[in-house]
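Okay, here's what each chain looks like letter by letter:
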Amino acid sequence: MANDGGAYRLRCSLLGHGQDVRGLTCSLFPPGGFVSVSRDRTARLWALDGLNRGFTEIHCMSGHTNFVSCVCIIPPSELYPRGLIATGGNDHNICVFTIDNPAPLYILKGHKNTVCSLSSGKFGTLLSGSWDTTAKVWLNDRCMMTLQGHTAAIWAVIILPEQGLMLTGSADKTIKLWKAGRCERTFTGHEDCVRGLAILSEMEFLSCANDATVRRWQISGACLNVYYGHTNYIYSISVFPQCKGFVTTGEDRSLRIWKKGECAQTIRLPAQSVWCCCVLDNGDIVVGASDGIIRVFTESLERTASAEEIQAFEYELSQASIDPKTGDLGDINADDLPGREHLKDPGTRDGQTRLIEDNGKVEAYQWSVSEGRWIKIGDVVGSSGATQQTSGKILFEGKEYDYVFTIDVNESGPSYKLPYNITDDPWLTAYNFLQKNDLNPMFLDQVAKFIMDNTKGQTLSTSSEFSDPFTGSSSGSSTVPGADPFTGAGRYVPGSASNEVAPVGGVDPYTGMGAYQSSEAKAENIYFPKKDAVTFDKANPSQILGKLKELNSSATEEHKLTEDDLITLEKLLSATCNTSAETPTAQQLQTLWRAVNWPEDIVFPALDILRLSVRHPTVNENFCNEKDHVHLAILLKFLNPNGKQANQLLALRALCNCFVSQAGQKLMMEHRGEIMTQAIETKSGSKNIHIALATLTLNYAVCLHKDNNIEGKAQCLSVISTVMEVVQDLEAVFRLLVALGTLISDDTNAVQLAKALGVDSQVKKYASVSEPAKVKECCRFVLNLL
C-alpha cells in the first residue's frame, strides 16, 4: 500500500456531466471543492461530502448555447464576498455566475470565436483568450482592452502575480508577455500549439504544448528546462502547493505527476483525451476527460478509494481500446511481441508500458512502483482508418474541429481543407467554404450533401444519454532652449520655447516660471481632473522662417518653394500667431501642406508651422474635416520610431494642439487607437518627446473624463504605465500624474483597472520627490484615489 507522500491512487470517480469535461478550477466556496465545465453546456460546483472521501455536486449552472471550454474563479469583493465563477464557451461568450444561482449574473460579449481560456487577477480583472487570436481584459461587465499580436488562436492565458503582467499562449507556437496591455516579450521554443500555462513564481512559469513537451521559463525570456514524457498533445498543466512539482494531462490517456523535474508517476485513464486538471489545496489532483467522468487522485491513505472502487477502475481501464495509430505506445508489430510470461519480470520505472500478445490479442500493461505489479491499461486494437481518435482531436489553423475534410473540386486543381463541427449548419459551412476559397456557388448543394453524408447527419445531443459523436467515422521636458542635437548649437531648435497653458486654480503648475509657490501648498487638489487641453504655444516665428528659407535653398527642384510661397507661409505664421488680424487662406494652407510633404531631413520647420497653425480655428477645421484624413496620416508617419526625433517631437506637439477645438477633439477621439499606438512608439526618445507624449496622453484624459469612455481610459492607462517605465524628466512625470488623476477621478472602474495594471506601484516612487513640489503633491492626490 502507498504511504502518505508516496504514489497517487484513485480517491473517487464523479458522474454528472453528460459529455467531455473540458475545464476545472479549485473553488473558494465551499473550501476544498472545485468547479467543472463540460461540452454538455453546464458548469458544476462540487463540495466535499461528509465522509471526506468523495464529492457531491451542489450547484449546476447553465447559460451557454454551445460547449463550455474553460472556467476560473473571480476572487471575492465587497459586492460578492464569496467570489464569482466565470466560464467561456464555443458560443463566443463568457458567463459570470454567483455560486447560488443557476443562471448567469451577466454575460460578457466581445470575442468573435470560441473563448477557450480564462484567468482572474486582483481587483476583479478577468483575462480571456479566444480562437479569434485576441485576448481581452475585462473589469466587471466591461471590456477594458484587447491584446492583439498573436497570429492564431490563443489557447492559454494567465495573469501573473506582479500587477499588470499577463501571459498568452497560442497556436502560433509562441507565448507573449504583456505589461499594461502592451506586448513586452515573445517566447519562442515550442514546436506546436501552446495549450497551457502555469505560474511557478513571480519570475518563472511553465507551459505545455501539442509538441508533447513542458517548458520552464523565466519572465526575462530564458527557457530553463524542457521536460519530456508525454507521447501526444499535452492539454493542461497545474502546479502543486508551494510549487513542489506539477501535473500534466494529455491526449495519451495519461495524468503525469512531475517531481524535481522528473516524471515521478504516470496514471493511465480509460479515456483517450484527458482534457484538464487542477490541484486542490491538500495536494489531491482532479482530472476531467473525454468520457465525461471527473476523477480525483490522492496520496493520502485516509482518502484513497475502497479496494472495490480501485478494482472497478482498473477493470474499466483494462477494457479500454487503444488505437495504435495514436503512437502512444510506440511502433507496434504484433508478430514480434512476447507472451504473458513477459509480465513476470518487474518494470524498471513507474509508468513503464509493456505490450504482450495473448491468444491473438495485443494487451497493454503499465508498471506501478507503489503496487509492485503490472496493471492492464487496455487492449490494442486495429484502426479502420476512418475513426476519429478523440473529440476535438483534429486541429486546423490552430482551432479544434470534429472533422477536417479534404475537398477536390476537380482532378487537376488544388485540394481544399473544409473544417466542420457537428454543431455547425452544413449549408452555412458549405457556403462559407465556397466564399473563402472563391469557388463557384453552384457547388453549394454538392458540398453540403458531402458534409451530411460524411458526418452521417450527426448533430449535438442535448440529452444525458448520448453516443460520443467524436468516435464515429469520418473521412478524414526642459523648456529652456539649449544645444539642438538635430541642427547644431545656437541654431533654430524645433519647438524649444516654453509652453503656455491656461492657469489652473490661480497658479500654473505646467510652467516653471516661478509662478507656483510650493510653500503655499494646500489640501485642495488644484491639479485634476483637468478640464482643458494643454497646448504648445511659444515660438520664435523669425527663427522658424529663417530655418525654412535655409533648408529651402538646398531642397531639390521638386520640393523647392518659390519666393511667393515663402511669403505666403510667413503670412500664415503671422495670422496664426495672432500678430495680424488676417484669417488663414486656402492658398496658405495648400502651401503649408506642400511643405509638410518635404523629405524628413528638412521637413521640421514646416511641422513647426503646422504645430502653431493648427491652433487657429480655420486651420483646425481644415485639418480635421478633410476627406480621408490624409493630413493626419502624414502627421502619424513622422511618429515612426526609426525616424528623426525632431519630427517625432513636432508631430506629437501638433497632435496635442489639435485638441484646442471641438472639431480637433472629435478627430483625435475617432482615431484614438491608431494615434496612441503610433505615439507610444516614440517612448525611447528625448525628454522633450516624453513631455509631448505625456501631454498628448493628458489631453486624451481630459476628453475621456468628459465622455467616461472606459475602453479609451484603459488604453490611456496602458500608455501611462508604459511611459512611466522609461521617463526620467519630472515635467513629463507631472503631466502623466495629472493625466492619471483625471482618468480615475469619479470612476471606480478606472481606479480598479489602474490598480490591476500596477500603475499605483509605479506612481509611489514619486511621492518622495522634493522638487518640483508639484510632482510630490500631485502624486499624493493620485495615491489618495488609488
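Scoring rules and cut-offs
Residues numbered from 1 in each chain as written. Predicted model: local features only at pLDDT ≥ 70, side-chain atom pairs only at ≥ 80, totals over all residues. Heavy atoms only, no water. pLDDT = per-residue confidence, 0-100. Helix = DSSP H or I, 4+ residues; strand = E, 2+ residues; numbered from the N terminus. Contact = heavy atoms within 4.5 Å. Pairing = 2+ DSSP bridges. Axes fitted to C-alpha atoms, helices over the stretch in contact; angles between N-to-C directions. Core = buried A, V, L, I, M, F, W, Y, C linked by side-chain atoms within 4.5 Å. Buried < 20%, exposed > 50% of the residue type's maximum accessible area, 1.4 Å probe, protein only. Polar contact = N/O pair within 3.5 Å; in protein donor to acceptor, adjacent residues only side chain to side chain.

**Topic: the confidence of the model for the protein**
The predicted model of the protein has a mean per-residue pLDDT of 84, with 86% of residues at 70 or higher. Taken element by element, the predicted model of the protein shows its lowest mean pLDDT in strand β33 (residues 394–396) (72) and its highest in strand β8 (residues 94–97) (98). Every residue in residues 383–392 scores below 50 in pLDDT, and together they form 37 contacts with partners more than four places removed in sequence or on other chains. Below pLDDT 50 for its whole length, residues 512–522 participates in 13 contacts with residues either more than four positions away or in separate chains.

**Describing the sheet that holds strand β6 (residues 68–74)**
Adjacent strands of a sheet pair through backbone hydrogen bonds, lying either parallel or antiparallel. Across the sheet, four strands lie side by side as β6-β7-β8-β9; this open sheet has antiparallel pairing. Each edge of the open sheet carries a strand with a single partner, namely β6 and β9 (106–108). Within this sheet the neighbouring strands show an average axis-to-axis angle of 25°, counted without direction. Both β8 and β9 contribute to a ladder of three bridges, which runs antiparallel. Of the residues in β9, the one forming a bridge with Ile-94 is Leu-108.

**Overview of the nonpolar core**
One finds Leu-696, Tyr-700 and Ile-744 to be the most contacted residues of the largest nonpolar core, which totals 116 residues. It is helix α13 (residues 687–707) that contributes the most residues to this core, twelve residues altogether. One finds Tyr-8, Ile-257, Ile-267 and Leu-269 within the second-largest nonpolar core, a separate group that totals 17 residues.

**Considering the side chain of Lys-713**
Looking at where Lys-713 falls in the secondary structure, it is placed in helix α14 (residues 710–726). A distance of 2.8 Å separates polar atoms of two side chains, one belonging to Lys-713 and the other to Asp-747.

**Notes on the environment of Val-603**
Relative to the helices and strands, Val-603 is located in the loop between α6 (586–596) and α7 (604–613). What makes Val-603 buried here is its relative accessible area of 0%. C-alpha of Val-603 to C-alpha of Ala-646: the two residues are 43 residues apart in sequence and 9.4 Å apart in space. In contact with Val-603, not counting residues within four places along its chain, are Ala-595, Val-596, Trp-598, Phe-638 and Asn-647.

**So, the sheet that holds strand β32 (residues 373–380)**
Taking strand neighbours across the sheet as the criterion, the four strands line up as β29-β32-β31-β30 in an open arrangement whose pairing is mixed. The sheet is open, and its two edges are formed by β29 (321–322) and β30 (353–358), each paired on a single side. Here six bridges tie β30 to strand β31 (residues 361–368), and the two strands are oriented antiparallel to one another. Paired with Leu-355 across the strands is Ala-364, a residue of β31.

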